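Coordinate analysis (summary)
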Amino acid sequence: MAGELQAQIERLKHKTQLLFDRYSLIVARKNEADAEIVELEATIESQKKEIAELKRQIEYMKFATAVAPTREAVEHSRAVLSKLVREITKCINDLNQ
């Protein structure tokens, strides 16, 4: 009877040790997973900031593109300016005579 009780106690000790080892492993894995979660959350925040910055740059580029004159508009402006310069030159010459 005492031998049988001792055997049961040894089996319980063995099972308890197994449970403790498994629990320790699970706790270690959980701690690793928690650390990875914190790291990934930081990465997500960084990427959100980068996305916001890139979206802002896209908006600036869209605005710059919309404001940028077309080739025809530039040529027309140059023609108008050339005409005005010629007229001013003509007026100056008339004043000098």
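See the structure shown above.
These numbers come from a predicted model, not from an experiment.

Here we take up the overall build of the protein chain. In terms of helices and strands, the protein chain carries two helices and zero strands. For a compact globule of 97 residues, the expected C-alpha radius of gyration is about 13 Å, and the protein chain comes in at 41 Å, more than 25% above that figure. Judged by the C-alpha coordinates and their principal axes, the protein chain covers about 140 × 25 × 10 Å. Within the span of the protein chain, comprising 97 residues, buried residues form 0% of the whole. Between the mean site of the 16 positive side-chain charges and the mean site of the 16 negative ones, the protein chain shows a separation of 4 Å.

A few words now on the environment of Val67. With respect to the helices and strands, Val67 occurs in helix α1 (residues 2–67). In sequence terms Val67 and Ile51 are 16 residues apart; their C-alpha atoms lie 24 Å from each other.

On the surface, a nonpolar cluster with roughly 260 Å² of combined accessible area is contributed by Val80, Leu81 and Leu84. Tracing the sequence through the fold places Leu84 in helix α2 (residues 71–96). When its relative accessible area of 42% is taken as the criterion, Leu84 is described as partly exposed.

Pairing is possible between side chains of opposite charge, provided their charged atoms come close. Per the stated rule, a full pass over the model turns up five salt bridges. In this structure, the salt-bridge partner of Arg71 is Glu75, at a minimum N-O distance of 3.5 Å. Separated by four residues within a single helix, Arg71 and Glu75 lie in helix α2, roughly one turn from each other. In this structure Arg71 comes out as exposed when scored by relative accessible area, which is 65%.

Conventions and cut-offs
Residues numbered from 1 in each chain as written. Predicted model: local features only at pLDDT ≥ 70, side-chain atom pairs only at ≥ 80, totals over all residues. Heavy atoms only, no water. Helix = DSSP H or I, 4+ residues; strand = E, 2+ residues; numbered from the N terminus. Rg over C-alpha atoms; globule rule 2.2 N^0.38 Å. Buried < 20%, exposed > 50% of the residue type's maximum accessible area, 1.4 Å probe, protein only. Lys, Arg positive; Asp, Glu negative; His and termini not counted. Charge placed at Lys NZ, Arg CZ, Asp CG, Glu CD. Patch = residues over 30% accessible without salt bridge, like charges linked within 9 Å, V, L, I, M, F, W, Y side chains within 5 Å. Areas by Shrake-Rupley, 256 points an atom, 1.4 Å probe, with all protein chains shown as cover. Salt bridge = Lys/Arg side-chain N within 4 Å of Asp/Glu carboxyl O.

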